[in-house]
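# Analysis of the macromolecular model
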Amino acid sequence: MPDTPQRQYDAALAQGIPYCGTHLGALQGSFRRHGYMRRLIQVECGRRPPGLFSMIEVGSWAGASALTWGLALQEFCQGIFRIVCIDPWEVWPTLAANPTPGGQVMREALTTNQVKSLFDHNVRVTGLADRIIPMMATSEQALPYFESESVDLIYLDGDHSYRHVSRDIQLAIPLLKPHGILCGDDLELQGSEVDLAFAHAHQDEDYPTDPRTGRGFHPGVTLALHDIGSWKRTPCYEGFWVLWWTGTALTSSPEWWTREEQGQLSRPLPLPPHIHEV
């Protein structure tokens, strides 16, 4: 009998191992980004003094990225960390309007509560339940409750509409400690690369094709990052983007990171064990 995604999912639940495959859309975005995420944590933890690493993830789905962050922090930061995962685990407006088969899969996974159950399973069987804390809320509801300048890293991967990405960035910035990191996913194309008029016209769509490049992209992510920076390109690795907070402004080139440290980000570490090439 073929080893289908459904069978792989059922087997993972039965065996008590994490599942981050294609069933339920459990693995979102490019699998390659996880190697760059691990590298970011390795470099950041290698250059900072010991102590609690505080992190917020906005948009967690089935927990694939949360596991990558958690396992990397466990390996490179002596396991002294806390990750708050903010996600309402309910259908959001742009997903409700998504007509694709993938959109239908995601809507069904949410309305049946399967994806939140899978998130809980993945965190539990990976041994990270005491470090990864789910918060069932929207970012707009949750982020204002955090103290200013209290978070080392914020990862944004929630609603990708222009309005929501811009809002998440603005809500996240005050929470970052000086020299903190703001990062996210799904920056397939920079603002300088796309037809900006087309991007604005389709700013709430999930993955239209840019007429200038002929490539699919998330206009909301592209536009929001294009708006906030004077730099030509946001540092980006397979869609995974990274910025730093000086204490007064975002920067694409932090003075407190050496050139060698910044250069390391372009060299991904091996994928974590729960992520497989698909």
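If you're wondering where the values come from, they're calculated on a predicted model, not measured in any experiment. Here the residue numbers are simple positions, counted from 1 along each chain's written sequence. Restriction of local features to residues with pLDDT of at least 70 applies here, the model being predicted, together with a cutoff of 80 or more for giving and counting side-chain atom pairs; totals for whole chains, interfaces and linings are based on all residues. Side-chain numbers come from the whole structure's heavy atoms, not from hydrogens or water.

Time to look at the layout of surface pockets. Buriedness of a pocket was judged along seven lines, with at least five required to meet protein on both sides within 12 Å; pockets are open sets of points on a 1 Å grid over the protein atoms alone, cavities are sets where a 1.4 Å probe fits but cannot get out, and lining residues have an atom within 4 Å of a point. Grid points are joined across faces, edges and corners, and a volume is the space filled by probe spheres set on the points. By volume, the largest pocket is sized at about 1100 Å³. Along its surface, the largest pocket is lined by 48 residues, and Gln-28, Trp-92, Met-106, Gly-158 and His-160 are the ones closest to its centre. In DSSP terms, a helix is any run of H or I states spanning at least four residues, a strand is any run of E spanning at least two, and both are numbered starting from the N terminus. When residues of the lining of the largest pocket are traced back to their parent elements, those giving at least two are helix 3 (64–76), helix 4 (93–96), helix 5 (101–111), helix 7 (139–142) and helix 8 (162–172). Broken down by element, the lining of the largest pocket gets its largest block of residues, four residues, from helix 5. Any residue that is not Ala, Val, Leu, Ile, Met, Phe, Trp, Tyr, Cys, Pro, Asp, Glu, Lys or Arg is counted as polar, Gly included; the first ten are nonpolar and the last four charged. Its residues assigned to classes, the lining of the largest pocket comprises 15 nonpolar, 20 polar and 13 charged. Of the voids in this model, the second largest pocket is the one considered here, and its volume is about 250 Å³. When its residues are assigned to classes, the lining of the second largest pocket shows nine nonpolar, six polar and no charged.

This next bit is on the environment of Gln-42. Along the polypeptide, Gln-42 turns up in helix 2 (residues 33–47). Judged by relative accessible area, which is 25%, Gln-42 ranks as partly exposed. Residue contacts are defined here by distance: any two heavy atoms, one from each residue, within 4.5 Å place the two residues in contact. The residues contacting Gln-42, other than those within four sequence positions of it, are Phe-76, Gln-264 and Leu-269. A distance of 2.6 Å separates a polar atom in the side chain of Gln-42 from a polar atom in the side chain of Arg-39. Type-normalised accessible area, obtained with a 1.4 Å probe on protein chains alone, sets the label of each residue: buried when under 20%, exposed when over 50%, and partly exposed for intermediate values. Here a polar contact is recorded for every N or O atom pair within 3.5 Å, except that within protein the pair must consist of a potential hydrogen donor and a potential acceptor, and residues adjacent in sequence are included only if both atoms are side-chain atoms.

Classification of ring pairs rests on two measures: the distance between centres of Phe, Tyr or Trp rings, Trp counted by its six-membered ring, which must be within 6.5 Å, and the angle between planes, read as stacked under 30 degrees, edge-to-face over 60 and tilted in between. Taken as a whole and assessed by the stated rule, the structure comprises eight aromatic pairs. Geometrically, the ring pair formed by Trp-244 and Trp-257 is edge-to-face, given 5.2 Å between the ring centres and 65 degrees between the ring planes. You can see Trp-244 sitting in strand 7 (residues 240–245) and its partner Trp-257 sitting in the loop between strand 8 (250–251) and helix 11 (259–264), a full 13 residues away along the chain. Across the pair, Trp-257 and Trp-244 agree in class, each one buried. Among the aromatic residues, those joined into a cluster by ring pairs are Trp-69, Tyr-155 and Phe-240. Put simply, a charge is over a ring when the Lys NZ or the Arg CZ is close to the ring centre, within 6 Å, and near the line of the ring normal, within 35 degrees. Sitting over the ring of Trp-89, Lys-116 keeps its end group 5.2 Å from the ring centre.

Okay, the environment of Asp-159 next. In this structure, Asp-159 sits in the loop between strand 4 (151–156) and helix 8. Spatially, the C-alpha atoms of Asp-159 and Val-221 are 9.5 Å apart, while their sequence positions differ by 62 residues. For Asp-159, the contacting residues outside a window of four places in its chain are Trp-92, Pro-93, Thr-94, His-164 and Val-165. A polar contact of 2.9 Å, which involves the side chain of Asp-159, links it to the backbone nitrogen of Ser-161.

This part covers empty space enclosed by the protein. Tallying each qualifying case throughout the model produces one cavity of 30 Å³ or more. What the largest cavity holds in volume is close to 60 Å³. Lining the largest cavity are Leu-156, Asp-157, Gly-158, Asp-159, His-160, Val-165, Asp-168, Asp-185, Val-221 and Trp-241. Counted by class, the lining of the largest cavity contains four nonpolar, two polar and four charged residues.

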